[in-house]
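Structure at a glance
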Amino acid sequence: MNDTLPPAALYTLDSPAYVIDIDRLTENLRLLRDVRERAGCRILLAQKAFSMPAVYPLIGEYLDGTTASGLYEARLGAEEMPGKEVHVYKPAYTERELEALTGLADHILFNSFSQWQRFRPLIERAPRKISCGLRINPAFSTQEGHEIYDPCAPGSRLGITRENFRPGLLDGIEGLHFHTLCEQDSDALSATLAAVEEKFSEFLPRMKWLNFGGGHHITRPGYDVERLIREVRRIREKYGVEVILEPGEAVALNAGYLVGHLLDTVENGMTVGILDVSAACHMPDVLEMPYRPHIIGSGLPGEKKYTYRFGGPTCLAGDIIGDYSFDRPLERGETLIFTDMAIYSFVKNNTFNGMPLPALALYSKEKGLQMVKEFGYEDFRSRLG
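The notes below deal with the structure included here. On a predicted model such as this, the values are computed, not experimentally measured, just so you know.

1. Examining the overall build of the protein
When you go through the protein residue by residue, the secondary structure sums to twelve helices and 16 strands. Scaling as 2.2 N^0.38, a compact globule of 385 residues should have a C-alpha radius of gyration of about 21 Å, and the protein matches this with 22 Å. Along the three orthogonal principal directions, the C-alpha set of the protein runs to about 65 × 45 × 45 Å. Considering only residue pairs separated by 6 or more positions, the protein has 68% of its internal contacts joining residues 24 or more positions apart. For the protein, the computed accessible surface area is about 17100 Å², with 49% contributed by carbon and sulfur atoms. Across the protein, the 42 positively charged side chains and the 53 negatively charged ones have centroids separated by 5 Å.

Written out as structure tokens, the structure is:
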């Protein structure tokens, strides 16, 4: 994301806030719709990366529905994007949860044959037709440096390996699902598909669909869209299956900002700025990935004249966002705008230390800045019983 932003809109926010840029979101959706139509596949919003009901009607104009990681996300997709598909995958279900899901989901994916066997009678009693599938694990890793997000790592609990695949229990199963990518290009998909075909191709002609999962960085500049389209078409034609993609990041990539403010600075071998936004509470992927989010107008440490280390106001010593440089000294109260903050941000927020949750807002050139929701003490208190 570059530094060309509408400063008059974002710099007016007094409190921390996530701002979703509707124009950028729409650009992403148009590209995804083009892929969907040219490849002949279905594309779903992976809500684990981006869940904002205020824009679900817009997303529903371009995509086929939502994918969920559990009951609450499934209900959100069903209620906020009515008439669209709801797909669910979870490593293990409870009976109560799955019973509720049978009234919401169109596709339910199981992580093991034991879960499929246990819950098949419940599925068959469901009030609606549900297409059931199994998650497979091709045991083929294409990631480097993101082990926490590698479902094909040794000892992974996610998906059925070929050694543990039981063809005799496939009756009633209509599809297979794999999810192995994380912020990757279509060359990683090609390599993964080769591993999937090597180990599971004999079962694909028996299936109605094959779900390629998420992690496809389709809307990132430079992503090889044409290769993706070729791979989707190839699998469709070779095995006679429908293909499903469920990107999360690609839907809202570079379409959001987190607006924060500089509260104070301290000196300890360098200038350390304390912000009203927290890595631990408001951008946990900064610590989990880890990565350094971009701030509008900043450079790398030492690149510009004045370098700062930024951290949050919590008691956690490791609540550090990163080191940044600027052309001029920053003043207390200064507004700082983090980019690419729509994805894996507010969906992962927490209130550690009693930290307030940033507000949620929308921005578009047509309508300007619109506040969606502001949070207060009751939102913190209600989680504690």
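Further notes follow.
2. Concerning the environment of V272
Among the structural elements, V272 can be located in strand β11 (residues 271-275). Note on V272: relative accessible area 19%, which makes it buried. Distance from V272 to R309, taken between C-alpha atoms, is 4.7 Å for residues 37 residues apart in sequence. Setting aside chain neighbours within four positions, we find V272 in contact with D264, T265, V266 and R309.

3. What about the packing of aromatic side chains?
The tally for this structure, following the rule as stated, stands at 13 aromatic pairs. Seen from their ring centres, F165 and F200 are 5.4 Å apart, and the 75 degrees between their planes marks the pair as edge-to-face. Taken together, the positions of F165 in the loop between β6 (131-135) and β7 (175-177) and F200 in helix α7 (residues 186-200) put the pair 35 residues apart, joining distant regions of the chain. Per residue, the accessibility class of F165 equals that of F200, and both read buried. Centroid distance Y308 to F310: 5.9 Å. Interplanar angle 15 degrees. Geometry classified as stacked. F310 matches Y308 in its accessibility class, with the two residues each being buried. Here the aromatic residues F113, F165, F200 and F203 are joined through ring pairs into a cluster of three or more.

What counts as what
- Residues numbered from 1 in each chain as written.
- Predicted model: local features only at pLDDT ≥ 70, side-chain atom pairs only at ≥ 80, totals over all residues.
- Heavy atoms only, no water.
- Helix = DSSP H or I, 4+ residues; strand = E, 2+ residues; numbered from the N terminus.
- Rg over C-alpha atoms; globule rule 2.2 N^0.38 Å.
- Contact = heavy atoms within 4.5 Å.
- Areas by Shrake-Rupley, 256 points an atom, 1.4 Å probe, with all protein chains shown as cover.
- Lys, Arg positive; Asp, Glu negative; His and termini not counted.
- Charge placed at Lys NZ, Arg CZ, Asp CG, Glu CD.
- Buried < 20%, exposed > 50% of the residue type's maximum accessible area, 1.4 Å probe, protein only.
- Phe/Tyr/Trp six-rings, centres within 6.5 Å; stacked < 30°, edge-to-face > 60°.

Don't take any of this as a statement about function, it's just geometry.
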